[in-house]
Amino acid sequence: MAEAEAGTVGPYRVLGELGRGGMGRVLLASGPDGRLVAVKQVLAEALTDDGFRARFAREVAASRTVSGAYTAAVVDADPHAAEPWLASVFVAGPSLREALDTVGPLPEESALRLAAGLATALAGIHAAGVVHRDLKPSNVLLAEDGPRVVDFGIARAADAEGGRGELTHTGWLVGSPAFASPEQAEGGELGPASDVFSLGIVLAVACTGVNPFAGPSTWHTLNNVVSGEPDLTAVPGRLRPIVAKCLAKDPAARPTPGQILELAGALAPSVRPWPDAVHGMINAQRDRVAALVAPARLGTPAGDGGPTVVQPAPWQAPPAWRPNPPASRRKAHPVAAAVAGSLGVVTAGMQAWFAVANVVLSGPPGEWPSLVWVNILGALVTAVCLLVAAGFTFARVLGGAWTLCALCTLAVVAVFVSPLVRGVSFEDQLHFAFAFHKSTGAAVGLTVIAGCLAAIAAAIAAGRAQAARRGP
């Protein structure tokens with residue numbers, strides 16, 4: 001929180017700046033009645049089209065009908081000012097984004113309380129006919145007694161399409177890509193279910209510190225939202241079914257806010273819903289607000305030569321927590337996966353060639369010796385396993401990749417060992433497998449080598465992905 005230049009916004013006296021973003025800034029101000037409010041002021045340069053003010057007025061009017069314990073009520077606005085603004089009840093507490101950056105993920109019990117509070121907030125917002133459209137950690141405040149949702153409906157005012165989550169001519173998605181719903185990412189009609197999807201992402205981030213859809217670029221993230229599957233393995237057990245249901249691709253399959261409350265279950269009363277470090281942040285912000293309010297109470301703007309204000313001792317926050325990059329959205333290992341897949345294709349191709357060669361050299365398949373059949377069938381199984389293992393490796397399904405790597409190895413071993421079990425001498429089997437001067441022997445020998453190399457490539461890819469999951 002910083003001091004702002006002395007001034008007013010409408011009837012409100014500015015005390016300090018709470019934050020700023022791409023569209024404007026949020027100011028701490030006091031009203032004529034002495035009530036503290038948070039004033040969101042839209043910068044003039046952020047007004048991209050002539051219809052913004054009309055939409056802003058409509059959305060503010062709708063937002064003023066929203067009420068509830070978990071929302072910060074809108075109390076005033078002026079969409080026709082040079083820099084349009086709205087004022088909402090001031091809530092002391094950091095945003096969820098600030099808490100995550102400073103303290104780290106919330107424990108399971110706190111995350112459940114967050115889920116219940118946000119679901120209750122969405123129920124009130126939707127009952128007023130408003131769709132938030134931009135639910136994200138920076139729009140969730142952690143107050144002393146629970147969460148508060150802010151900025152409901154304002155994202156719609158910035159959308160020139162008036163109801164669709166489309167990219168504007170500048171390439172900016174209305175809402176935040178990392179917390180968008182599939183229908184929002186595709187520019188579809190947005191309803192309450194879109195907010196539920198965003199809620200699922202917010203809860204996953206709140207209890208893990210990473211976004212399950214984050215990619216290396218905005219377009220990768222949007223593609224993951226539309227067609228990717230989130231990795232929820234790090235989400236605590238009681239939260240996981242809630243998050244999984246919220247993240248259904250089909251809006252009709254997502255739960256309503258009321259159903260989310262049922263999934264969360266009854267929660268015990270608590271006077272401290274957040275970790276102690278978060279309550280420390282709340283107290284520190286309250287002290288800084290008190291320091292800004294004190295000079296205003298004496299009639300002198302802070303920083304204008306008025307009485308000296310004793311600043312409270314700053315709260316000593318723990319070292320800033322930094323999340324590991326999300327393992328499920330790290331870059332894949334396409335080279336290793338491609339090697340495994342390519343060798344699988346080569347293996348299958350060699351077996352086709354091997355079969356054709358045996359038709360020429362040994363007659364029809366009915367006359368082939370059992371040794372030839374064992375090698376062909378075993379290597380074909382290996383080829384199929386390698387192809388699927390390559391797909392699993394590329395998709396980062398580590399368990400599937402490791403399992404199929406093991407199957408590849410077993411198939412290769414079976415190709416070599418099964419003739420020995422049936423009485424073929426070890427010397428004869430070696431001669432058959434590695435007799436490169438014979439066309440059939442060359443095919444089998446290369447099959448064994450290709451199978452081993454492909455299994456190793458898939459195992460390396462899976463191992464690298466496993467190391468990436470552990471993080472730096």
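Remember, it's a predicted structure, so these values are computed and weren't measured experimentally.

(A) Looking closely at the overall build of the protein. Each helix and strand in the protein was counted, giving 15 helices and 8 strands. The buried share among the 472 residues of the protein stands at 49%. By sequence separation, contacts in the protein at least 24 residues apart represent 65% of the contacts at least 6 residues apart. Summing over all exposed atoms, the protein offers an accessible surface of approximately 21200 Å²; the carbon and sulfur share of this is 61%.

(B) Inspection of the side chain of Arg-254 at higher detail. Here Arg-254 shows up in the loop between helix 8 (240-246) and helix 9 (257-264). At 2.8 Å, the side chain of Arg-254 forms a polar contact with the backbone oxygen of Ala-248. At 3.1 Å, the side chain of Arg-254 and the backbone oxygen of Lys-249 are in polar contact. Those residues in contact with Arg-254, other than ones at most four positions away along the chain, are Ser-181, Pro-182, Glu-183, Ala-193, Ser-194, Val-196, Phe-197, Lys-245, Cys-246, Ala-248, Lys-249 and Gln-259.

(C) Expanded view of the pattern of salt bridges. Within the structure shown, the criterion is met by 11 salt bridges. Between Lys-40 and Asp-151 there is a salt bridge, with its nearest N and O atoms 2.5 Å apart. With Lys-40 in strand 4 (residues 36-42) and Asp-151 in the loop between strand 8 (146-149) and helix 4 (154-157), this residue pair connects regions lying 111 residues apart in the sequence. Judged by relative accessible area, which is 24%, Lys-40 ranks as partly exposed. Across the pair Arg-148 and Asp-145 runs a salt bridge, and its minimum N-O distance is 2.9 Å. For Arg-148, a relative accessible area of 13% corresponds to the buried category.

(D) Representation of the sheet that holds strand 6 (residues 85-89) within the structure. Taken together, the 6 strands give an open sheet; going across it, the order is 1-2-3-4-6-5, and neighbouring strands pair in antiparallel fashion. Both edges of this open sheet fall to strand 1 (8-9) and strand 5 (74-78), since each of them pairs with a single strand only. Pairing analysis gives 2 bridges linking strand 1 to strand 2 (residues 12-20), with the strands arranged antiparallel. Note that in strand 2 the partner of Thr-8 across the bridge is Arg-13.

(E) Seen up close, the pairing of strand 2. The antiparallel pairing of strand 1 with strand 2 creates a hairpin that spans 2 residues between the two strands, and Gly-10 there sits at a positive phi of about 60°. Pairing geometry for strand 2 and strand 3 (residues 24-30), over 6 bridges, is antiparallel. Residue pairing across strands places Glu-17 opposite Leu-27, the latter belonging to strand 3.

(F) Quick peek at the environment of Thr-65. Its place among the elements puts Thr-65 in the loop between helix 1 (52-63) and strand 5. Note on Thr-65: relative accessible area 53%, which makes it exposed. Residues Thr-65 and Ile-125, 60 residues apart in the sequence, show an inter-C-alpha distance of 8.6 Å. A polar contact is formed between the side chain of Thr-65 and the backbone oxygen of Ala-62, at a distance of 2.5 Å.

(G) Region of the structure containing the UniProt feature "binding site: ATP" (unreviewed entry) in the protein. The feature "binding site: ATP" (unreviewed entry), as given by UniProt, occupies Lys-40 in the numbering adopted here. The contacts of Lys-40, once residues within four sequence positions are left out, are Arg-25, Val-26, Pro-84, Trp-85, Leu-86 and Asp-151.

(H) Region of the structure containing the pairing of strand 3. The element strand 3 is extensively covered by neighbouring structure, given that 6 of its 7 residues are classed as buried. With 7 bridges connecting them, strand 3 and strand 4 associate as antiparallel partners. Of the residues in strand 4, the one forming a bridge with Arg-25 is Gln-41. Linking two consecutive strands that pair antiparallel, namely strand 3 and strand 4, is a turn of 5 residues; a positive phi of about 85° is found at Gly-34 within it.

(I) Structural detail: the packing of aromatic side chains. Per the counting criterion, the structure on display carries 2 aromatic pairs. Between the aromatic rings of Tyr-12 and Trp-85, the centroid separation amounts to 5.8 Å while the plane-to-plane angle is 80°, which identifies the pairing as edge-to-face. With Tyr-12 in strand 2 and Trp-85 in strand 6, the pair connects residues that are 73 residues apart, well separated along the chain. The exposure class assigned to Tyr-12 is buried, which follows from its relative accessible area of 7%. Seen in terms of ring centroids, Phe-197 and Phe-213 are 5.8 Å apart; in terms of plane orientation they differ by 20°. Their pairing is stacked. In this pair, Phe-197 is assigned in helix 6 (residues 192-208) and Phe-213 in the loop between helix 6 and helix 7 (218-227), connecting sequence segments 16 residues apart. Since its relative accessible area comes to 0%, Phe-197 is described here as buried. With a relative accessible area of 0%, Phe-213 lands in the buried category.

(J) Broad picture of the side chain of Ser-181. Mapped onto the secondary structure, Ser-181 falls in the loop between helix 4 and helix 5 (182-185). Excluding anything up to four places from it in sequence, Ser-181 contacts Leu-190, Ser-194, Phe-197, Ser-198, Val-225 and Arg-254.

(K) Just the nonpolar core, in detail. One finds Leu-96, Leu-114, Leu-142 and Leu-203 to be the most contacted residues of the largest nonpolar core, which totals 52 residues. Among the elements that make up this core, the one with the highest residue count is helix 6 (10 residues). Shared between two domains, this core takes at least three residues from each, and those domains are domain 1 (1-90) and domain 2 (93-156 + 177-293). Non-local contacts of Leu-203, meaning those with residues more than four positions away in its chain, are made with Ala-111, Leu-114, Ala-115, Leu-239, Ile-242 and Val-243.

Rules used throughout
- In this convention, every chain numbers its residues from 1, walking through the sequence in written order.
- Selection of residues for local features in this predicted model requires a pLDDT of at least 70, selection of side-chain atom pairs for listing and counting requires 80 or more, and totals for whole chains, interfaces and linings are taken over all residues.
- Values shown for side chains rest on all heavy atoms present in the structure; no hydrogens or waters enter the calculation.
- Comment: elements are numbered from the N terminus, with helices defined as DSSP H or I runs of at least four residues and strands as E runs of at least two.
- Exposure categories follow from relative accessible area, calculated using a 1.4 Å probe and restricted to protein chains: below 20% of the type maximum is buried, above 50% is exposed, and the middle band is partly exposed.
- In this description, contact between two residues means that some pair of their heavy atoms is separated by no more than 4.5 Å.
- Note that accessible areas follow from Shrake-Rupley with a 1.4 Å probe, and for residues the cover is restricted to the protein chains shown.
- Think of a polar contact as two N or O atoms within 3.5 Å of one another; within protein, one of them needs to be a possible hydrogen donor and the other a possible acceptor, and neighboring residues in sequence only count if both atoms come from side chains.
- Think of a salt bridge as a Lys or Arg side-chain nitrogen and an Asp or Glu carboxyl oxygen that are within 4 Å of each other.
- The pairing criterion is simple: DSSP has to find at least two bridges between the two strands.
- UniProt positions are given in the numbering used here, feature names are shortened, and annotations may be inferred rather than shown by experiment.
- When the centres of two rings from Phe, Tyr and Trp lie within 6.5 Å, Trp using its six-membered ring, the rings pair. Their planes under 30 degrees apart give stacked, over 60 give edge-to-face, and anything left gives tilted.
- We call a set of buried residues a nonpolar core when its members are Ala, Val, Leu, Ile, Met, Phe, Trp, Tyr or Cys and they connect through side-chain atoms within 4.5 Å of each other.
- What counts as a domain boundary in this text is fixed by an automatic or database domain assignment.

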